[in-house]
Amino acid sequence: MSRARATPWLSGLAIVLVALLARLHGLGFKPFWLDEVFTVHRASRPLAGVVAHSLAHHHTPVFFLIEHAVIALSGSAGPFALRLVPAIFGAITAGLVFAIAWAIGGRAGAWLAGLFMALAPLQVGFAQEARSYTMMTAFILLGLWGLILLARSPARRPLTGWLAYAAGTLGALWTLGDALPWLIAANLAMGVAILPRVPDRSRFLLRWATVQIGIIAAAIPVYLAILHAEHDHVMRSFGWIPPLSWRSGWADAASLYGIRDATMVTMRLLPTPLVSRRSDYDGLIQIQERVVPAVRRASECSPPSIKES
């Protein structure tokens, strides 16, 4: 491999290592939170139970099978062990962002985008959860990189682009149902950005359709299994979700965009002076004065719900 071709790969590897170090720092220090407890509970089951439990809860089983293997190989279901796979996939996302930016904007843009992705607090935080979000993101970015390769050289139709797009899209669909919009977006992008630049459109469309059919054929059995699984519990169905209305939509939007994440993450709702300068009783009183009205207002806006995501 020539030096010119090796430089992007070595630079991307450096970005991945920086991202991995950031995600491994303090990886096992924090206790599991609610969604991670679901992962522990599911991945600790026997192999058949992992699959059945995943399908019954409207989840694809791939991520939980990987976590099941981690528990079997490491002998541990602790925070560090179960968060290691998401941390690795989170580091890979930084490398893929680097590769995408390199293909679009060159070296400077690639380094800037890669480092942003490697060190962004929100990305590091998601990568330190024993959940499948970074795994899905990595696969979508792989598919996006393949799509960009196809867009840059539509006439040559590079094999790397086809393989990256197909593997990334299928991997994302096997990981989480939230990847379904990516399949739609990719087809829209193909029609807008790639197809107009292809000399032999009929041949390209035939190949594109073949790839789409292959992806759907490989992914649909998992989703059919989910639809046919038993959903006899509140956590195994969607019947507890209130009907769509302007009120419920507004409450969902307010809960999503009205919460100041930085306030929650930095624990400014529970400042250190509140505990250190007052007695425990006075501190609890102040916490109650802050939290209880907020909870009451939230309960008046929308009905309570429990959701495993």
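About the thresholds
Residues numbered from 1 in each chain as written. Predicted model: local features only at pLDDT ≥ 70, side-chain atom pairs only at ≥ 80, totals over all residues. Heavy atoms only, no water. Helix = DSSP H or I, 4+ residues; strand = E, 2+ residues; numbered from the N terminus. Buried < 20%, exposed > 50% of the residue type's maximum accessible area, 1.4 Å probe, protein only. Contact = heavy atoms within 4.5 Å. Areas by Shrake-Rupley, 256 points an atom, 1.4 Å probe, with all protein chains shown as cover. Axes fitted to C-alpha atoms, helices over the stretch in contact; angles between N-to-C directions. Parallel < 35°, antiparallel > 145°, perpendicular 65-115°, else oblique. Left-handed = near helix turned anticlockwise from the far one by under 90°. Lys, Arg positive; Asp, Glu negative; His and termini not counted. Salt bridge = Lys/Arg side-chain N within 4 Å of Asp/Glu carboxyl O. Polar contact = N/O pair within 3.5 Å; in protein donor to acceptor, adjacent residues only side chain to side chain. Nonpolar A, V, L, I, M, F, W, Y, C, P; charged D, E, K, R; others polar. Expected span 1.5 Å × (residues − 1). Arc of directions from axis to C-beta. pLDDT = per-residue confidence, 0-100. 1 Å grid on protein atoms, 1.4 Å probe; cavity = no way out; pocket = protein on both sides within 12 Å on 5 of 7 lines; lining within 4 Å. Points joined across faces, edges and corners; volume = space filled by probe spheres on them.

Summing up its helical and strand segments, the chain has 15 helices and zero strands in all. For the chain, the proportion of its 309 residues judged to be buried stands at 38%. For the chain, restricting intrachain contacts to residue pairs at least 6 apart in sequence, the fraction spanning at least 24 positions comes to 70%. Per element, the accessible surface of the chain, about 18100 Å² overall, is 70% carbon and sulfur.

Time to look at the packing of helix H5 (residues 79–105) against helix H8 (residues 133–152). Viewed as axis vectors pointing N to C, H5 and H8 meet at an angle of 20°, and their least axial separation amounts to 8 Å. The angle between H5 and H8 falls in the class roughly parallel. Between H5 and H8 lies a crossing whose hand is left-handed. Along its contact with H5, which presents Pro86, Phe89, Gly90, Ile92, Thr93, Leu96, Val97, Ala99, Ile100, Ala103 and Ile104, the element H8 presents Thr134, Met135, Thr137, Ala138, Phe139, Leu141, Leu142, Leu144, Trp145, Ile148 and Arg152.

Along helix H3 (residues 47–56), the positions that sit buried rather than exposed are Gly49, Val50, His53, Ser54, Leu55 and Ala56. In this fold, the buried residues of H3 make contact with helix H2 (34–43), helix H4 (62–74) and helix H11 (201–228). Within two residues after H3, His58 carries a phi angle of roughly 60°, on the positive side.

Next up on the list: the side chain of Arg23. As for its position among the elements, Arg23 is in helix H1 (residues 3–24). Buried and without a salt bridge, Arg23 has Glu129 as its closest oppositely charged side chain, separated by 12 Å. Of note is the side chain of Arg23, whose polar atom sits 3.0 Å from the backbone oxygen of Met117. When residues no more than four places from it in sequence are discounted, the contact partners of Arg23 are Ala87, Gly90, Ala91, Met117, Ala118, Gln123, Val124, Ala127 and Gln128.

Attention now moves to the pattern of salt bridges. Using the criterion set out here, one finds one salt bridge in the structure. Glu36 serves as the salt-bridge partner of Arg83, at 2.8 Å between the closest nitrogen and oxygen. Separated by 47 residues along the polypeptide, Arg83 in helix H5 and Glu36 in helix H2 bring together distant segments of the chain. Comparing Arg83 with Glu36, the two get one shared label, buried.

Moving on, we come to the packing of H2 against H3. Following both chains from N to C, one finds H2 and H3 inclined at 140°, their axes separated by 8 Å at the closest point. By the angle between their axes, H2 is oblique relative to H3. Between H2 and H3, the residues in contact are His41, Arg42 and Ala43 and Val50, His53 and Ser54, respectively. Residue composition of the contact of H2 with H3, grouped by class: two nonpolar, three polar and one charged.

Before going further, it helps to spend a moment on helix H6 (residues 107–119). For H6, built from 13 residues, the straight-helix expectation of 18 Å at 1.5 Å per residue is met to within 8% by its first-to-last C-alpha distance of 18 Å. Within the sequence span of H6, burial applies to Ala110, Gly114, Met117 and Ala118. For H6, the angular spread of buried residues about the axis comes to 100°, placing them on one side. In H6, those exposed residues whose orientation departs by more than 90 degrees from the buried face are Ala108, Leu112 and Phe116.

Time to look at the confidence of the model for the chain. Per-residue confidence for the chain gives a mean pLDDT of 80, with 74% of residues at or over 70. Every residue in residues 260–285 is under pLDDT 50, and counting partners more than four places away or in other chains gives 16 contacts. Note that residues 302–309 has pLDDT below 50 and, in this model, 17 contacts with residues that lie over four places away or in other chains.

This next bit is on the layout of surface pockets. For the second largest pocket, the calculated volume is near 710 Å³. Together, 21 residues line the second largest pocket, and Pro8, Trp9, Ala99, Trp145 and Leu149 are the ones closest to its centre. Counting only elements with at least two residues in the lining of the second largest pocket, the list comes to H1, H5, H8 and helix H9 (159–175).

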